[in-house]
Amino acid sequence: MLILAPMQGLTEILFRKTYSLLFPDAFDYAISPFLSITHGNLRDAGKKVEDVLPENNQCSMPVVPQLLGHECEGFVELSNRLYELGYNEVNWNMGCPMRRVAAKHRGSGILPYPDEVDSILSYVIPRIKPSLSVKVRLGYNNPDDIDKIIPILNRFPLKNVTVHPRIGRQLYSGVPNLDKLEEILPEIKHKVIYNGDIFTAGDYGRIRARFPQITDVMIGRGALYNPLLPLQIRQRYASDFTSSVVDNHATPCEFINTLIDNIITMPVGNEAKCRKIKEYWCLLSKSLPGTEERKRRVLHADCLDAILREIFSMTK
Ligand SMILES: Cc1cc2nc3c(=O)[nH]c(=O)nc-3n(C[C@H](O)[C@H](O)[C@H](O)COP(=O)(O)O)c2cc1C
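All figures in this text were calculated on a predicted structure; none of them were measured in a lab.

## Notes on the environment of K278
- Among the secondary structure elements, K278 is positioned in helix 11 (residues 270-284).
- Between the C-alpha atoms of K278 and A301, which are 23 residues apart in sequence, the distance is 9.5 Å.
- When neighbours within four sequence positions are excluded, K278 is seen to be in contact with V298, L299, A301 and I307.

In structure tokens, the structure reads:
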């Protein structure tokens, strides 16, 4: 299976809807960018919760809501509200590397504290109705943090464990630590999903070749650098997948134009629209021909009209 990674500010519903409309066969499902557990009940979660409300998620790519935090009661309350909304699985984020998050023992910041992980899972698992999956890094400061986390995860009935084999302090620098992944893989009793630096179909093939027991892969930035990537993987490694891919799919230009059309109709001011388009452009423009200098002009344009003129001169 191919899973779209959660990326705060990027893979919210606007992206998921546009993407799955143009490339319905690409991803099997997505994990949503995290909802903070401190939001507790959905009423107080504000705008972010709109991202997982079923009425906003009428698209062919199913989504699993992700939760971030360590407040047990909020964890249970939010999980069970999501279950009432129809979600059979929630994902717990133990990977977020942001310092202000990690400093509070949230995201990857909880990995050096196995006792906390143990007491949270002991409290939460018997009380939540949806099944739980987790997304982890190898540690925060130390890739060996995971050694003490795995036996704890093994004691609980988790749906799966997604491993991004970096430590939190690295953010996204360096390369995934595949040697450490190889060491820990036999220790993890749950289904493991691989995540990290799949930017080409060949990257996918190398992970599958080195870790044949891993059949599910989560892709984040690679799908924004090249929206066709999941389709290219499915075509090149067709025997890994149950369904085949149609050849007459949309192009990256069509995808970018449709995404921008959808951003333009968002009920926000022009400044916010410009910011959003530029955020996507930094990643999506890599899939287009054209010089870097020409692509940079979009980032320097100072009003919506100018941004659109620059982009459409490359995509239409
Ligand atoms: C801008 C950005 C936002 C992210 N937001 C989340 C998030 O909300 N939850 C999460 O678990 N991971 C988040 N991640 C991490 C990604 O899900 C993924 O683990 C990471 O990008 C590595 O995978 P990749 O190499 O395929 O991109 C984020 C990453 C980026 C770059």
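There's more to say after this.
## Notes on the domain arrangement of the protein
- Structurally, the protein comprises domain 1 (2-240) and domain 2 (252-315).
- Put simply, the middle of domain 1 and the middle of domain 2, counted by C-alpha atoms, are 28 Å apart.
- Domain 1 puts 13 residues into the contact, and the matching count from domain 2 is 15 residues.
- Taking both partners together, domain 1 and domain 2 bury about 1,300 Å²; carbon and sulfur atoms supply 79% of that area.
- Among the residues domain 1 hides against domain 2, the three largest losses belong to L14, T18 and Y225. Together they make up 39% of the total.
- Counting across the interface, domain 1 meets domain 2 through zero salt bridges.
- Counting across the interface, domain 1 meets domain 2 through four residue pairs in polar contact (both at pLDDT 80 or more).
- Counting only elements with at least two residues in the side of domain 1 that touches domain 2, the list comes to helix 1 (13-22) and helix 8 (221-225).
- Of the residues in the side of domain 1 that touches domain 2, the class split is 10 nonpolar, three polar and no charged.

## Overview of the sheet that holds strand 1 (residues 2-4)
- The strand order 3-5-6-7-8-9-10-1-2-4 describes an open sheet built from 10 strands, whose pairing is parallel. The sheet is open, and its two edges are formed by strand 3 (35-36) and strand 4 (63-64), each paired on a single side.
- Bridge count between strand 6 (residues 89-94) and strand 7 (residues 131-139): six bridges; the pairing is parallel. Bridging from a neighbouring strand, N91 pairs with S133 of strand 7.
- Docked against the sheet, helix 2 (residues 72-84) engages strand 3, strand 5 (66-68), strand 6 and strand 7, running at close to 165 degrees with respect to strand 5.

## Observations regarding the packing of helix 12 (residues 292-300) against helix 13 (residues 304-315)
- As a packed pair, helix 12 and helix 13 sit with axes 8 Å apart at the nearest point and diverge in direction by 155 degrees. Classified by the angle their axes make, helix 12 and helix 13 are roughly antiparallel. Helix 13 is crossed by helix 12, and the crossing has left-handed handedness. Contacts from R294, K295, R297 and V298 of helix 12 reach helix 13 at I307, E310, I311, S313 and M314.
- Looking at the contact of helix 12 with helix 13, its residues break down into four nonpolar, one polar and four charged.

## Here's the deal with the site of the ligand
- Near the ligand you find 18 residues, and of these P6, Q66, N195, D197 and R221 are the closest.
- Interatomic distance of 3.2 Å between a side-chain N/O atom of N93 and an oxygen atom of the ligand.
- A distance of 2.8 Å separates an oxygen atom of the ligand from a polar atom in the backbone of G220.
- Expressed as a share of its isolated accessible area of 620 Å², the protein-covered part of the ligand is 87%.
- More than half of the atoms of the ligand fall within 2 Å of the grid points belonging to the second largest pocket.
- Each residue belonging to the shell around the ligand can be placed in one class, and the counts come to eight nonpolar, seven polar and three charged.

## Examining the side chain of H105
- Along the chain, H105 falls in the loop between helix 3 (99-102) and helix 4 (114-124).
- In this structure the side chain of H105 is engaged in a polar contact, spanning 2.9 Å, whose partner is the side chain of E116.
- Beyond its immediate chain neighbours, meaning those up to four positions away, H105 contacts H70, I110, Y113 and E116.

## Observations concerning helix 10 (residues 252-264)
- If you check helix 10, its first and last C-alpha atoms are 18 Å apart, about what 13 residues at 1.5 Å a residue would give, namely 18 Å.
- Here the buried face of helix 10 lies against helix 1, helix 11 and helix 13.

## Quick notes on the packing of helix 2 against helix 4
- The geometry of helix 2 relative to helix 4 is characterised by a closest axis approach of 10 Å and an angle of 40 degrees between their N-to-C directions. Here helix 4 runs oblique to helix 2, going by the angle between their axes. Crossing of helix 2 over helix 4 shows right-handed handedness. Contact residues: C72, E73, F75 and V76 in helix 2; I120, Y123 and V124 in helix 4.
- Each residue belonging to the contact of helix 2 with helix 4 can be placed in one class, and the counts come to six nonpolar, no polar and one charged.

Each value, and the rule that gives it
- Residues numbered from 1 in each chain as written.
- Predicted model: local features only at pLDDT ≥ 70, side-chain atom pairs only at ≥ 80, totals over all residues.
- Heavy atoms only, no water.
- Helix = DSSP H or I, 4+ residues; strand = E, 2+ residues; numbered from the N terminus.
- Contact = heavy atoms within 4.5 Å.
- Domains from an automatic or database assignment.
- Buried area = accessible area lost by both parts, 1.4 Å probe.
- Salt bridge = Lys/Arg side-chain N within 4 Å of Asp/Glu carboxyl O.
- Polar contact = N/O pair within 3.5 Å; in protein donor to acceptor, adjacent residues only side chain to side chain.
- Nonpolar A, V, L, I, M, F, W, Y, C, P; charged D, E, K, R; others polar.
- Pairing = 2+ DSSP bridges.
- Axes fitted to C-alpha atoms, helices over the stretch in contact; angles between N-to-C directions.
- Parallel < 35°, antiparallel > 145°, perpendicular 65-115°, else oblique.
- Left-handed = near helix turned anticlockwise from the far one by under 90°.
- Near = heavy atom within 4 Å.
- Areas by Shrake-Rupley, 256 points an atom, 1.4 Å probe, with all protein chains shown as cover.
- 1 Å grid on protein atoms, 1.4 Å probe; cavity = no way out; pocket = protein on both sides within 12 Å on 5 of 7 lines; lining within 4 Å.
- Sits in = over half its atoms within 2 Å of the grid points.
- Expected span 1.5 Å × (residues − 1).

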